[in-house]
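Reading the structure
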Amino acid sequence: MDKKESFKNFAKSHPELISSIKSGDASWQKLYEIYDIYGEDDRAWNTYFNKNTNSTNTFNNFTDIVKNIDMESVQKHINTAQKALGLVQELTGKGTGVTSTIKGPTTPRPINKFFED
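Residues numbered from 1 in each chain as written. Predicted model: local features only at pLDDT ≥ 70, side-chain atom pairs only at ≥ 80, totals over all residues. Heavy atoms only, no water.

Describing the overall build of the chain
We apply this condition: Helical segments are the DSSP runs of H or I of at least four residues, strand segments are the runs of E of at least two, and each set is numbered from the N terminus. Categorising residues by exposure relies on relative accessible area from a 1.4 Å probe, with only protein chains included: less than 20% of the type maximum marks a residue as buried, more than 50% marks it as exposed, and the intermediate range marks it as partly exposed. Should any heavy atoms of two residues lie within 4.5 Å, those residues are counted as being in contact. Each accessible area value is a Shrake-Rupley result obtained with a 1.4 Å probe; residue values ignore everything except the protein chains displayed when judging cover.
Within the chain, the secondary structure is distributed over 6 helices and 0 strands. The order of helices and strands in the chain, counted from the N terminus, is α-α-α-α-α-α. Within the chain, the fraction of its 117 residues that count as buried is 13%. Restricting to contacts in the chain with at least 6 residues of sequence separation, those with at least 24 account for 50%. Accessible surface for the chain amounts to roughly 10,200 Å². Of this, 56% is attributable to carbon and sulfur atoms.

A short note on the nonpolar core
Here is a general trend for soluble globular proteins: nonpolar side chains tend to be buried in one another's company. Here is the rule: The nonpolar core is taken to be a set of buried Ala, Val, Leu, Ile, Met, Phe, Trp, Tyr and Cys residues, with the residues joined through side-chain atoms within 4.5 Å.
Listed in full, the 11 residues of the largest apolar core are F7, F10, A11, L17, A26, L31, I34, Y35, W45, Y48 and F49. Taken together, the elements giving at least two residues each to this core come down to α1 (3-13), α3 (28-38) and α4 (46-52). Beyond its immediate sequence surroundings of up to four residues, Y48 is in contact with E16, L17, S20, A26, K30, L31 and I34.

Shown next as structure tokens:
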């Protein structure tokens, strides 16, 4: 297996590298150069692995996001959406049990007959 393929396998086995790229801390070129020079087992990778492996950090970030949600605002948006859906249902006649009483002719009109002639 060539160096490029072994780097691909290494990157697949370490998803922390992808998050480092997404955050802008590294590029694929930079990571490949580190892999080419140092290989898989070196302290050069510790900066990329230790930074993103702490799952409690992720959970703490999630709980902070949930704490900052204004529930009154969310409830107002939900009520507005419910009113809009109710209006759409009322306009389309679905969900209210009301059926249209307007019916068209049961037999087609002759082509040569106009305005009840």
